[in-house]
Amino acid sequence: MTTEQVLILAILLATVAMFLWGRWRHDMVAAGALLACVLAGLVQPTEAFAGFGHPAVITVACVLVLSRGLQTSGAVDAVTRVVLPSRSGPTVSIAALTALAAVLSAFMNNVGALALLMPVAIQVAKRQQMPPGQVLMPLAFGSILGGMTTLIGTPPNLIVSGFRGQTGADTFAMFDFAPVGVVVAAVGVAFVALLGWRLVPARRQGGVDSFDAGAYLTEARVPEGSKAAGRSLREIEALLEETGAQVVGLVRNDVRVTAPNPGRRVRAGDILVIEAEADALANTLSALGLRLEEAKEVGTGKDDSVGDGGAGHHAPADTDAEKREDEDGVGADGEAVAAGDDIVLIELAVLPGSALTGRSASDILLRTRYGINLLALSRQGQRSLARLRSLTFQAGDLLLMQGPSEAVAEFASNYGCVPLAERELRIPDRRRALTAGAIMAVAVGGAAFGLVPAAVSFAAGVLASMALRTVPPRAVYEAIDWPVIVLLAALIPVAGAMESTGTADLVARVLIENVAHGHAIFSLALILVVTMTLSDLMNNAATAAVMCPIAIGTAGQLGVSADPFLMAVAVGASCAFLTPIGHQNNTLILGPGGFRFGDYWPLGLPLEILVIAVGLPMLLVVWPL
């Protein structure tokens, strides 16, 4: 081994270890690997950031933008209403939903496809009286399977296509992945729909109904001489630090104010709406010297006191509220007065890559900026109400939010959350839906028929989307998953260094001689299994970037075509079914399904075995050695 090969292997092993550790975000690890290669002299400084101009990276970014247009316009909602049966048994319902997810994922971002269909899945589960996880996991797996069928279905396919171009051959076309991908996806969807959903562990729903046990909204009046009188709400919450309670509303002169400004001062005679655990309620009242007014349970849509009035219930405007607040030295900005607002109680799921990840409600000034309340949080099916404002969010968390519908919609859009229990946040627009669908169809057609390169075709689609307002220009950059873009752009030069130093050929030779013993078919199976295993543990795009040079090197050592080995990488990188961290869609259903880390393998393991059993013969038939 040369010094360069030792260095690149050390950097690669450290990178994989960091991916598995999960302490740092994937894009940070990838950027670190790229800089390490530059400092070690393995990548020229002038070529360090060439990956950002790579066609695969541009195409991924553009597809994300076009997917946002399909999502926000209501185009997929219209398809859902037509395709999904309104009355059917669980098997037919799950089959239709899973198949629809697979089809949508072939032409749009699979995370977006799952996010669109999750509310429908939860409604199906409720109608069938099933645990939501038994519908959500098949849906997530179907969306993952569908992504492997086209060039734009998933980032690994674009990466694989790019590596094929580096071998001197043409890049893969739009539907080159279909002969293998469609068969594998069809068999996988059939298995999941007919049998697999029965293997999913039945867990308690992480939905709105799960927030009602032990959680109370309490109305407490502030009497003369109370410790709360004359203090600001911020000071009162500081006094409640140890009890774990929080003030979520205030009633003054029979006018109910939702998410009052933390600077507002409380007066004797006011009523504080306090959220507290049942066992902390007495300590809360005692700490502030309050008198219990009335207490109602949280989370029941029938209770019109929920969330300071419940969904759709609100008091008339307090025309003097702003004046009195100004007298207290606090402006009215950020104050959500329930006047003419549609106050909703809604459940949101935190998407992978959301800007909320690692931050708390207090970090983002939730009340001040949006005038909405965080009432409860569910993580992996476990409800948490203590100190919600300081609890850092994670991908897959369920948030029970309450406030004006427009404010909740703005928050969900800005921070990458998807509504579950309600769907009012996305208003379908028939004209925009048809326009968004037409733009996507033209972009796919331009790439599929080879009229223009894929990156150019989808970039033109983005420009058309901006011009025709299916995606507002201000929302274009918000639609792009920048950590994924940085990950791809950073790892492309690193993968290039593996090839240029001969490391990929070295690893391939070791695998062939010591594991596959020189058999081409065994080597192909080994590439598929290793890729699938890595994809269960780390980002699938990163897995594809790491395995493509090894696949090409293996084919070169055996003297056979590289195409079946690259296609094996594409299939394996798209089949991460064993863990919640293997794919973003697995993470997204973790909270709503109430799943634990080990709940994925009962369905995921048989599905991965089935993918290998079907995929390997198809690879050999469609892409002969």
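Up top is the structure these notes are about.
The text that follows walks through the structure, step by step, so that each part is easy to find.

Analysis parameters
- Residues numbered from 1 in each chain as written.
- Predicted model: local features only at pLDDT ≥ 70, side-chain atom pairs only at ≥ 80, totals over all residues.
- Heavy atoms only, no water.
- Helix = DSSP H or I, 4+ residues; strand = E, 2+ residues; numbered from the N terminus.
- Buried < 20%, exposed > 50% of the residue type's maximum accessible area, 1.4 Å probe, protein only.
- Contact = heavy atoms within 4.5 Å.
- Salt bridge = Lys/Arg side-chain N within 4 Å of Asp/Glu carboxyl O.
- Axes fitted to C-alpha atoms, helices over the stretch in contact; angles between N-to-C directions.
- Parallel < 35°, antiparallel > 145°, perpendicular 65-115°, else oblique.
- Left-handed = near helix turned anticlockwise from the far one by under 90°.
- Nonpolar A, V, L, I, M, F, W, Y, C, P; charged D, E, K, R; others polar.
- Phe/Tyr/Trp six-rings, centres within 6.5 Å; stacked < 30°, edge-to-face > 60°.
- Core = buried A, V, L, I, M, F, W, Y, C linked by side-chain atoms within 4.5 Å.
- Polar contact = N/O pair within 3.5 Å; in protein donor to acceptor, adjacent residues only side chain to side chain.

**Focus on the overall build of the protein**
Point 1. When its secondary structure is counted, the protein shows 25 helices and 11 strands.
Point 2. Expressed as a percentage of its 625 residues, the buried residues of the protein come to 58%.
Point 3. When contacts within the protein are restricted to residue pairs at least 6 apart in sequence, long-range pairs at least 24 apart make up 79% of them.

**Structural notes on unusual backbone geometry**
Most peptide bonds adopt trans geometry, and most residues besides glycine take a negative phi value.
Point 1. The phi dihedral of Gln-129 is positive, around 55°, even though this residue is not glycine.
Point 2. Looking at the element boundaries, Gln-129 is found in the loop between α6 (110-127) and α7 (133-147).

**A closer look at the pattern of salt bridges**
Point 1. Counted by the stated rule, this structure contains four salt bridges.
Point 2. Here Arg-367 and Glu-237 are joined by a salt bridge, their closest N and O atoms 3.2 Å apart. With a gap of 130 residues between them, Arg-367 in helix α14 (residues 366-370) and Glu-237 in helix α10 (residues 233-239) connect regions that are remote in the sequence.
Point 3. Among the residues examined, Arg-367 registers a relative accessible area of 15% and is labelled buried.

**Describing the side chain of Arg-164**
Point 1. Its location among the elements puts Arg-164 in helix α8 (residues 155-166).
Point 2. With a relative accessible area of 14%, Arg-164 lands in the buried category.
Point 3. Arg-164 has contacts with Ala-169, Asp-170, Thr-171, Phe-172, Asp-563, Leu-566 and Trp-623, leaving out every residue within four places of it along the chain.

**Section: the packing of helix α19 (residues 482-500) against helix α22 (residues 540-558)**
Point 1. Two elements in contact, α19 and α22, have axes separated by 9 Å at closest approach and are oriented at 20°. Taken together, the axis directions place α19 and α22 in an arrangement best described as roughly parallel. Classified by chirality, the crossing of α22 by α19 is right-handed. Mapping the contact onto sequence places Leu-487, Leu-488, Leu-491, Ala-495, Met-498 and Glu-499 in α19 and Ala-541, Ala-542, Ala-545, Val-546, Pro-549, Ile-550 and Ile-552 in α22.
Point 2. Classifying every residue of the contact of α19 with α22 gives 12 nonpolar, no polar and one charged.

**Brief notes about the packing of aromatic side chains**
Point 1. The full count for this structure, using the stated rule, is nine aromatic pairs.
Point 2. Aromatic pair Tyr-370 and Phe-411: ring centres 5.5 Å apart, planes at 75°, arrangement edge-to-face. In this pair, Tyr-370 is assigned in helix α14 and Phe-411 in helix α15 (residues 405-415), connecting sequence segments 41 residues apart. In this pair, the class of Tyr-370 matches that of Phe-411, namely buried.
Point 3. Three or more aromatic residues link up through ring pairs in this structure, and these residues are Phe-172, Phe-177 and Trp-623.

**Things to note about the environment of Ala-455**
Point 1. Within the secondary structure, Ala-455 is located in helix α17 (residues 454-467).
Point 2. Residues Ala-455 and Ala-443, 12 residues apart in the sequence, show an inter-C-alpha distance of 9.6 Å.
Point 3. Excluding its chain neighbours within four sequence positions, the residues that come into contact with Ala-455 are Pro-55, Ile-58 and Thr-59.

**A short note on the nonpolar core**
In globular proteins that are soluble, nonpolar side chains generally tend to be buried together.
Point 1. Counting residues in hydrophobic clusters, the biggest one holds 145 residues, and the most contacted among them are Phe-141 and Phe-458.
Point 2. Beyond its immediate stretch of four places on either side in the chain, Phe-141 contacts Phe-577, Asn-586, Tyr-600, Leu-603, Gly-604 and Leu-607.
Point 3. Among the nonpolar cores identified, the runner-up in size contains 20 residues, and Ala-361, Leu-366, Leu-399 and Tyr-415 belong to it.

**Notes on the environment of Arg-221**
Point 1. Mapped onto the fold, Arg-221 is located in strand β1 (residues 215-221).
Point 2. The sequence separation of Arg-221 and Gly-289 amounts to 68 residues, and the corresponding C-alpha distance is 9.4 Å.
Point 3. Reaching out from Arg-221, the side chain makes a polar contact with the backbone oxygen of Gly-269 at a distance of 2.8 Å.

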